[in-house]
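# Coordinates in review
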Amino acid sequence: MNERIVSHAYGADDLGLPSPPAVTDIRHTLREQNRNAFANAEPRLGPTVPAAVRRWKLWLLTVCGIYPTIVLLGLATNPVLEDLYLPVRLAVLVPAAAAAMVWQINPRLQRHFGAWLTR
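Residues numbered from 1 in each chain as written. Predicted model: local features only at pLDDT ≥ 70, side-chain atom pairs only at ≥ 80, totals over all residues. Heavy atoms only, no water.

## A closer look at the overall build of the protein
A count of helical and extended segments in the protein gives 4 helices and 0 strands. Secondary structure of the protein in N-to-C order comes out as α-α-α-α. Here the contacts in the protein between residues at least 6 apart in sequence split such that 59% fall between residues at least 24 apart. (Helix = DSSP H or I, 4+ residues; strand = E, 2+ residues; numbered from the N terminus. Contact = heavy atoms within 4.5 Å.)

## Focus: a nonpolar patch on the surface
A cluster of nonpolar side chains, Trp56, Trp59, Leu60 and Val63, forms an exposed patch at the surface whose accessible area comes to about 430 Å². Residue placement: leucine 60 occurs in helix α3 (residues 55–81). A relative accessible area of 34% means that leucine 60 is categorised as partly exposed. (Patch = residues over 30% accessible without salt bridge, like charges linked within 9 Å, V, L, I, M, F, W, Y side chains within 5 Å. Areas by Shrake-Rupley, 256 points an atom, 1.4 Å probe, with all protein chains shown as cover. Salt bridge = Lys/Arg side-chain N within 4 Å of Asp/Glu carboxyl O. Buried < 20%, exposed > 50% of the residue type's maximum accessible area, 1.4 Å probe, protein only.)

## As for helix α4 (residues 86–118)
Along its 33 residues, α4 runs just 38 Å from first to last C-alpha, ending more than 12% under the 48 Å computed at 1.5 Å per residue. Roughly 60° is the biggest bend found in α4, and it falls at histidine 112. Among all positions of α4, only Leu93, Ala97, Met101, Asn106, Leu109 and Leu117 are buried. Looking at the buried positions of α4, the neighbouring elements they touch are α3. (Expected span 1.5 Å × (residues − 1). Bend = angle between axes of the 7 residues up to and from the residue.)

## Topic: the packing of aromatic side chains
Enumeration according to the criterion identifies 2 aromatic pairs in this entry. On the basis of an interplanar angle of 80° and a centroid distance of 6.1 Å, the ring pair of tryptophan 56 and tryptophan 116 is categorised as edge-to-face. Residue tryptophan 56 is found in helix α3, and its partner tryptophan 116 is found in helix α4; the two are separated by 60 residues along the sequence. What makes tryptophan 116 partly exposed here is its relative accessible area of 26%. (Phe/Tyr/Trp six-rings, centres within 6.5 Å; stacked < 30°, edge-to-face > 60°.)

## Side note on α3
Where α3 bends most, the angle comes to about 35°, and this point is leucine 75, followed within four residues by the proline proline 79. Those residues of α3 hidden inside the fold are in contact with α4.

## So, the environment of isoleucine 105
Note that isoleucine 105 resides in helix α4. For the pair formed by isoleucine 105 and threonine 69, sequence separation is 36 residues and the distance between their alpha carbons is 8.9 Å.

## Comments concerning the packing of α3 against α4
Running from amino to carboxyl end, α3 crosses α4 at an angle of 145°, the nearest separation of the two axes being 8 Å. Seen from above, α3 lies across α4 with right-handed handedness. Grouping the constituent residues of the contact of α3 with α4 by class yields 19 nonpolar, 8 polar and 2 charged. (Axes fitted to C-alpha atoms, helices over the stretch in contact; angles between N-to-C directions. Left-handed = near helix turned anticlockwise from the far one by under 90°. Nonpolar A, V, L, I, M, F, W, Y, C, P; charged D, E, K, R; others polar.)

## Some words on the environment of asparagine 106
By the element assignment, asparagine 106 lies in helix α4. Through-space distance from the C-alpha of asparagine 106 to that of glycine 65 is 7.3 Å; in sequence the pair is 41 residues apart. Ignoring anything within four residues of it in the chain, the contact list for asparagine 106 reads Thr62 and Met101.

Here you go:
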């Protein structure tokens, strides 16, 4: 840019106003700030994109977790629910088993077998 146009745009021709910074100085300052921002940035400690989980391994892990959960819940609630029809018993067991899987069993299984799931 022409310094005269820049100075006129900044009003440097008027008395009492500071003269504008040179355009090259602004570009240099911006470049330095950009370099400093990258230099001072904290390094990332892990991959930014999680590794893909193999679906069949996740299915197998879920089956291995849900089977004993349903069996144990069925045995524990059988004395109380044995007189109810099967759909009613399942209406009680399935939400309890799903809650156990989501908040207790799956997180522990995935923490333990996490490396295997992504291989």
